[in-house]
Amino acid sequence: MKVLVTGGCGYIGSHTVVELLQEDYEVVIIDNLSNSLKEVLTSIETITKKKPIFYEGDVVDFSLLRKVFSEHSFDAVIHFAGYKAVGESVQKPLMYYRNNLESTLHLCEVMKEFGCKRLVFSSSATVYGSPKKLPITEEMPLSTTNPYGTTKLMIENILRDLSSSDNEWSIALLRYFNPIGAHSSGLIGENPKGIPNNLMPYIIKVAMGELPQLDIFGNDYNTKDGTGVRDYIHVVDLAQGHIAALNKVINSTGIDACNLGTGKGYSVLELVQTFEKVNHIKIPYQIAPRRAGDVAECYADCSYAKKQLDWSSKKDLETMCRDAYHYISVLKKSTDI
Ligand code: NAD
Ligand code: UD1
């Protein structure tokens, strides 16, 4: 089986490529390296002893897509490429709409042209907006609170229309909750540039001494300890969810949305305390005002993923915290040498 992975050098993409190669899929990556480094390909090769084929370029570029599809016959595509920072999407909406929508539209047009109609798409729990009920099931109403989220919802709708227009398409919409952690080798993981917006990357910067302390955004929510509750999922579990989704799209037709989470909610304080315990490191923090747009609690009902994909997450919060820190420690050691 040969799979095209767009955005395969990124955080979730690289972990998925590792799982695909380990399952003996042939992998071709397109990535423009706008939010990743080419060195990740060497790390993938070190882990798997296999080499994915790599095209450096933009998924928006029709001529590149046609070149790649004429050089390979794909059984399916996993589409990760896109921009993902919520705050930036509010500042630069046009950039987000252009990249996320055009990459998907152009990709689907070329897939159709070459008769490849199996797609796994990276959606997000952000399409549930501010959920009225917990845990979140796939049938709950969809809405968005920022341009990034709107691109994901628009793409889901486009893909539904595509599926209704032609019943040969087979599409999985995977709604990720909060992916954290890294590969146990410490060779691939998440290392955003600048000051991170998300919790785990921020904790890591504090642990490395690059930022003085964590601001916890609110301790007066109606939750177990007053801080926000989220469904953190290990990125390797998430990557394995893509293999399960790939099996599904290869063996069926139609379109289906599926939550990928653990089904468990942990508070900010629980995450901080677990990180401190497993890594033997203190994370100084202060309580800050709530962050605009945050919800108190968000966690998935994962029973549909179990039923449809025969997939469920396996790794616990301790492993997520240990692996996230291990990756950065390995990275720091290699750059210090
Ligand atoms: P990432 O930024 O690490 O990876 C995205 C990759 O796509 C990067 O390597 C980037 O260089 C590449 N890329 C972006 N636009 C491109 C284009 N036009 N052409 C070619 N390459 C392009 O992000 P990630 O965390 O791995 O997320 C992957 C996907 O999952 C994204 O679509 C994101 O919106 C979605 N998602 C992520 C999260 C999360 O918390 N990380 C949660 C929900 C959904
Ligand atoms: C964010 C995105 C969401 C995306 C998800 C994917 C926003 C508003 N939402 O979700 O669209 O799908 O990432 O991973 O960016 N927190 C702190 N201090 C910090 C950072 C975060 O206390 O410095 C708290 C937040 O208030 C929240 C929790 O930690 O309660 C998790 O925050 P974060 O990692 O940013 O993820 P989400 O907001 O859930």
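These figures come from a predicted structure and were not determined experimentally. (Residues numbered from 1 in each chain as written. Chains lettered and ligands numbered in written order. Predicted model: local features only at pLDDT ≥ 70, side-chain atom pairs only at ≥ 80, totals over all residues. Heavy atoms only, no water.)

Chemist: Report on the packing of helix α1 (residues 11-22) against helix α8 (residues 235-250), specifying residues and quantitative values.
Modeler: Between α1 and α8, the least distance of the axes is 8 Å, while the angle of their chain directions is 60 degrees. Overall, the two elements α1 and α8 adopt an arrangement that is oblique. Crossing hand, α1 versus α8: right-handed. Residues Y11, I12, H15, T16, E19 and L20 of α1 form the contact with α8, whose own contacting residues are V235, V236, L238, A239, Q240, H242, I243 and L246. When the residues that make up the contact of α1 with α8 are grouped by side-chain class, the tally is 9 nonpolar, 4 polar and 1 charged. (Axes fitted to C-alpha atoms, helices over the stretch in contact; angles between N-to-C directions. Helix = DSSP H or I, 4+ residues; strand = E, 2+ residues; numbered from the N terminus. Parallel < 35°, antiparallel > 145°, perpendicular 65-115°, else oblique. Left-handed = near helix turned anticlockwise from the far one by under 90°. Contact = heavy atoms within 4.5 Å. Nonpolar A, V, L, I, M, F, W, Y, C, P; charged D, E, K, R; others polar.)

Chemist: Kindly report on unusual backbone geometry, identifying the contributing residues and their values.
Modeler: The step from L134 to P135 runs through a cis peptide bond, and the omega angle for that step is -10 degrees. Positionally, P135 belongs in the loop between β5 (118-124) and α6 (147-165). The phi angle at K49 is positive, at roughly 60 degrees, despite the residue not being glycine. In this structure, K49 sits in the loop between α2 (40-48) and β3 (53-56). Assessed through its relative accessible area of 68%, K49 is described here as exposed. The backbone of H280 sits at a positive phi, close to 50 degrees, despite the residue not being glycine. (Buried < 20%, exposed > 50% of the residue type's maximum accessible area, 1.4 Å probe, protein only.)

Chemist: So what about the environment of S122? Which residues, and what values?
Modeler: Structurally, the position occupied by S122 is in strand β5. Note on S122: relative accessible area 5%, which makes it buried. For the pair S122 and A172, spaced 50 residues apart in sequence, the C-alpha separation works out to 8.7 Å. Residues in contact with S122, not counting those within four places in the same chain, are H79, F80, K152, L174 and Y176.

Chemist: Before we move on, could you go through the side chain of H15 and cite the residues and values that matter?
Modeler: Its place among the elements puts H15 in helix α1. A distance of 3.0 Å separates a polar side-chain atom of H15 from the backbone nitrogen of H183. Non-local contacts of H15, meaning those with residues more than four positions away in its chain, are made with A182, H183, I188, G189, V235, V236 and A239. (Polar contact = N/O pair within 3.5 Å; in protein donor to acceptor, adjacent residues only side chain to side chain.)

Chemist: Let's hear about the nonpolar core: which residues, and what values?
Modeler: Grouped together as the largest cluster of nonpolar side chains are 41 residues, with contacts concentrated most on L20, V120, L174, L246 and L260. Top element by residues in this core is α8. It accounts for 9 residues. The residues contacting L260, other than those within four sequence positions of it, are L174, R175, Y176, F177, I233, L238, G241, H242, A305, L309 and W311. Membership of the second largest hydrophobic core comes to 29 residues, among which are I204, M208, I283 and Y327. (Core = buried A, V, L, I, M, F, W, Y, C linked by side-chain atoms within 4.5 Å.)

Chemist: Could you give me a rundown of the sheet that holds strand β9 (residues 229-230), with the residues and numbers involved?
Modeler: Taken in spatial order, the 3 strands line up as β12-β9-β14 in an open sheet, and their pairing is mixed. The open sheet is flanked by β12 (266-267) and β14 (297-298), the only strands paired with a single partner. Relative to β14, β9 runs parallel, the two sharing 2 bridges. If you follow V229 over to β14, its bridge partner there is E297. (Pairing = 2+ DSSP bridges.)

Chemist: So what about the sheet that holds β5? Which residues, and what values?
Modeler: Spatially, the 7 strands line up as an open sheet ordered β3-β2-β1-β4-β5-β6-β11, and their pairing is parallel. A single partner strand is all that each edge strand has here, and the edge strands are β3 and β11 (254-260). Recorded for the sheet is a direction-independent mean angle of 20 degrees between the axes of neighbouring strands. Of the pairings in the sheet, the one linking β5 to strand β6 (residues 170-176) comprises 7 bridges and is parallel in character. By the bridge assignment, R118 is partnered in β6 with S170. Sheet strands touched by α6: β5, β6 and β11. Its angle to β5, the strand with the most contacts, is close to 155 degrees.

Chemist: I'd love a proper account of α6, names of residues and values included.
Modeler: Between its terminal C-alpha atoms α6 stretches 27 Å, which fits the 27 Å expected from 19 residues at 1.5 Å a residue. Among the residues of α6, P147, Y148, G149, T151, K152, L153, I155, E156, L159, L162 and S163 are the ones counted as buried. Next to the buried residues of α6 lie α4 (86-91), α5 (93-113), β5, β6 and β11. Its side-chain oxygen at 3.2 Å from the backbone nitrogen of Y148, N146 defines the N-terminal cap of α6. (Expected span 1.5 Å × (residues − 1).)

Chemist: How would you explain the site of ligand 2 if you had to name every residue and give the values?
Modeler: Not every one of the 19 residues close to ligand 2 is listed here, only the nearest: L199, D215, R230, R291 and D294. Here an oxygen atom of ligand 2 sits 2.8 Å away from a polar atom, N or O, in the main chain of L199. A distance of 2.7 Å is found between an oxygen atom of ligand 2 and a side-chain nitrogen or oxygen belonging to R291. Protein chains bury 85% of the 740 Å² of accessible surface belonging to ligand 2 in isolation. Of all the secondary structure elements, the ones that give two or more residues to the shell around ligand 2 are β7 (178-180), α7 (199-207) and β8 (214-217). (Near = heavy atom within 4 Å. Areas by Shrake-Rupley, 256 points an atom, 1.4 Å probe, with all protein chains shown as cover.)

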